[in-house]
Amino acid sequence: MEDLIPLVNRLQEAFAPVGFASIDLPQIAVVGSQSSGKSSVLESIVGRSLLPRGAGICTRRPLVIQLTNLADKSKPATAEFAHAPGKIYTDFETEVRLEIEAETERVVKGKKMVSAEPIILKIWSPHVVNLTLVDLPGLTKVPVGEQPANIVHVISDMVREFILNENCIILAVTPANQDVANSDGLQFAREVDPEGLRTIGVITKLDLMDEGTNCLDVLTGKSYPLRLGYVGVINRSQADIDRNKSLADSLESERKFLQQHREYVSLASRMGTPYLSRMLNRILEDHIKQVLPSITKRVKDSLRVASTELADIGDVVSTDREQRAVVLKSITSFMSAYEDAMEGRGNAVMDSALVGAARLRELFTGEFNANLASLGASQDVSDTEIMRIRKNVTGTKADLFVPNSAFEVLVKGLINHLEAPALDCVRAAHDELRGIVIAVLGAVKELQQFEGLARRIQEVAFDFLAQRCELTLEFVSNIVQMETAYINTDHAEFERVRKGVYNLMAAQQTSDVREAGASRAEGSKAAQTAVRKTPGQVQLLQAGGRPAVPATLRITARNLEIFDTQGANPKMVRQVPLEGCSIKDAATRANTLEIQLQRASFFSQAEMIAFTAASSEEMREWREMLIAARDSKGARARGGGGEVGGPQPARALGPEKLTDRERVESEILRQLLQSYFDIVRRNVQDAVPKAVMLMLVRHTQQKLQHELMSTIYADEDNMEMFTMQSESVVLRRAELQTTVAALRQALTIISEPHRISKS
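Criteria and cut-off values
Residues numbered from 1 in each chain as written. Predicted model: local features only at pLDDT ≥ 70, side-chain atom pairs only at ≥ 80, totals over all residues. Heavy atoms only, no water. Salt bridge = Lys/Arg side-chain N within 4 Å of Asp/Glu carboxyl O. Helix = DSSP H or I, 4+ residues; strand = E, 2+ residues; numbered from the N terminus. Buried < 20%, exposed > 50% of the residue type's maximum accessible area, 1.4 Å probe, protein only. Contact = heavy atoms within 4.5 Å. Core = buried A, V, L, I, M, F, W, Y, C linked by side-chain atoms within 4.5 Å. Phe/Tyr/Trp six-rings, centres within 6.5 Å; stacked < 30°, edge-to-face > 60°. Lys NZ or Arg CZ within 6 Å of the ring centre and 35° of its normal. Pairing = 2+ DSSP bridges. Axes fitted to C-alpha atoms, helices over the stretch in contact; angles between N-to-C directions. Parallel < 35°, antiparallel > 145°, perpendicular 65-115°, else oblique. Left-handed = near helix turned anticlockwise from the far one by under 90°.

In this section: the pattern of salt bridges. This model, assessed by the stated rule, comprises 28 salt bridges. The closest approach of N and O atoms between R359 and E432, which form a salt bridge, is 3.1 Å. Residue R359 is located in helix α11 (residues 356-373), and its partner E432 is located in helix α15 (residues 419-443); the two are separated by 73 residues in the primary sequence. A relative accessible area of 18% places R359 in the buried class. Note on E432: relative accessible area 23%, which makes it partly exposed. A salt bridge links R427 to D424, with the shortest nitrogen-to-oxygen separation between them at 3.2 Å. One end of the pair is R427 and the other is D424, both in helix α15 and three residues apart, which spans about a single turn. Overall, the relative accessible area of 38% leaves R427 in the partly exposed class. A single salt-bridge network, built from bridges that share partners, covers R61, E103, R106 and E117.

The following block contains the structure:
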């Protein structure tokens, strides 16, 4: 059992090059304020005066003191520092102290700063027990003098980091003349060890308490109980140090004080520095024995992890053959990881967000479909626009049914709206693939150490994706344009809708014929009245240059009715709707009005009616009556000059301008448009994802590796640049090599006590 503490000491030395906290070794950390007397406690345990002294912070780096007992009592005490192996010190008060100060200054620039990098001091002496202690910087509450403003937090964080280790036994030093509730050492210990399972209380300066007071409640655990208990000690005072009182004399004075004090005599056998040393030795050995199996396991686990990482980094790549092998392996690993991401294999499936092909499916079925669903014939084309386009495409020709040309113009415009979301879908898929490339590059271990190669793979992959994206955009655009190139009105689904619409048109035509017959009958009955109410007879001009014929006109609220007066009885021969017509003076005939009619339905023709009056006064009267009748229904604005309501600049008409007939025709066209648009939208909705998968996604999976090999692997001139490791990788390799060596040495050290115990 005596070999356990030296074993841990050797492990501390082995781990010193890779960081003291690499493995949580069992240790005893001394914690207390700067005035608690912790340095005196350590010197009493060591039996040598060796620690720096003075005002302010004396311990500015953790000092690991490894004590080893010498069986030969005749041998002198010696010391050795881990940073200067082989150099033996025998002068503790001068040489060892100066070396501690020099090594501290080497790392900590400035007398007021501190560092967490430890100093390891090994001491062999026949007057010590096997023990390892860590002297930490003294706790302080406020910066003093030239100390930095954050010194309080720096020291607190350093102490807390050491004692957070579950394998660390806390030696909390508290002066007896201070209330235990205000003890810095106990306060920090309570933070990390609230149940007091691994904390030992050391009460110093028992001889400095006021007359009539004692620390029995604290020493017996009544004030603040600790599982490991309390030990009272008496240290050398500053006056004793100034008088060069030896530590041996100080220990004798401590023994006499405890045995002669009436309050402490009953506890004398469990108090004092010698008892504290033996107690710490026993507790540390028991603790090491308890945690050694777990330490062995953690060393093996750490060695396995470090060795694996070192193997992944590999050796320095120097020859051309090695460089080409690295490039080939890296490209293969990248494509394998890319394929896994696209097929939902590997670690990618555990991500919280959708990745790879799952994200593409979400794009197709979610975003793309939603964008297409937001488009519709009903909301994109107004009734007025439908009628305007219908009239423009028919021109002066009459149409008996819904004109195909008007339908095609409107439906092509609607189909073209599908192109934007279709192209956006391609671009979104392209962006997703770029993101997958970046994610895979960061996950491939082979590429993490070759930054130049990783950058080049990303460049080539991005260029390849950009080229495929352009081809896919063109392909998808052609899909939409293909739908506009041939409007298939013979489509089976559209044919059913069209038949239903034509039945509606036939019913509307029958209704219009009945209304027209009723109007003519009404006009015939009112013919005599109409003749009497007109300002006079006019000459109706006939088409084709034929002579004018006498006629009588009657103006109603909606129409201009024309009566033939050549026979015995006037007979209405024409009923002309005035709404939307143009009324102007003829340019070539005196006292002549021209009425340019608009087509009112599929079944009317665009034409002009002209008639002449006997005088200009009579013509003016006719003009005013006609305009008043036309504008009573909210007709067009009047023109200026000699033209009344003549042709105006092209503009959209409001919904109120449509007649009942036009509204029916508009609704018929709208139904046809919506039906055909839905067919095309479904075609596009189905074809675009297939095109993206074929032209972009699958092609990339099949051809990207060939592109990488032909572009990168064949680039012999830049092979050295591709395989040049970054500075961080070089440093990491050196760090891992040191770590692996230290861990292997630790395993060798750990195995030695087992061999000793067997012999």
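After that view of the structure, there is still more to cover.
What follows is about the environment of R744. Within the element layout of this structure, R744 appears in helix α23 (residues 727-758). Contacts of R744, omitting those with residues within four sequence positions, involve L303 and S307.

Among the nonpolar cores identified, the biggest contains 67 residues, and F334, F407, L433, I457, L708 and I712 are the most heavily contacted of them. If near-sequence neighbours (up to four positions away) are discounted, F407 is found in contact with I487, T489, F494, L669, L672, L673 and Y676. With 61 residues, the next largest nonpolar core counts L50, A77, L121 and L131 among its residues.

Summed over the entire model, instances satisfying the criterion amount to three aromatic pairs. Their ring planes at 45 degrees and their centres at 6.4 Å tell us that F257 and Y264 sit as a pair that is tilted. The class of F257 is partly exposed, set by a relative accessible area of 24%. For Y264, a relative accessible area of 0% corresponds to the buried category. Here the basic side chain of R324 rests over the ring of Y713, its NZ or CZ set 4.3 Å away from the ring centre.

The next point concerns the pairing of strand β6 (residues 131-135). Of all five residues in β6, five are buried, a share of seventy percent or more. Here β6 shows no split at all, with L131, L133 and D135 on one side and T132 and V134 on the other all buried. Note: strand β1 (residues 27-31) against β6, three bridges, orientation parallel. Bridge pairing in β6 places I28 opposite L133.

Turning next to the sheet that holds β1. As summarised here, the arrangement of the nine strands in space is β4-β3-β5-β2-β6-β1-β7-β8-β9, forming an open sheet in which the pairing is mixed. One side of each edge strand has no neighbouring strand; the edge strands of this open sheet are β4 (88-89) and β9 (230-232). Bridge count between strand β2 (residues 63-69) and β6: five bridges; the pairing is antiparallel. Bridging across to β6, L63 finds its partner in D135. Sheet strands touched by helix α1 (residues 4-15): β1, β2, β5 (119-125) and β6. Its angle to β2, the strand with the most contacts, is close to 145 degrees.

At a minimum axis separation of 10 Å, helix α10 (residues 320-343) and α15 run at an interaxial angle of 130 degrees. Classed by the angle they form, the pair α10 and α15 counts as oblique. Crossing hand, α10 versus α15: right-handed. Here F334, A337, Y338, A341 and M342 of α10 lie close against α15, whose contacting residues are L433, I436, V437, V440 and L441.

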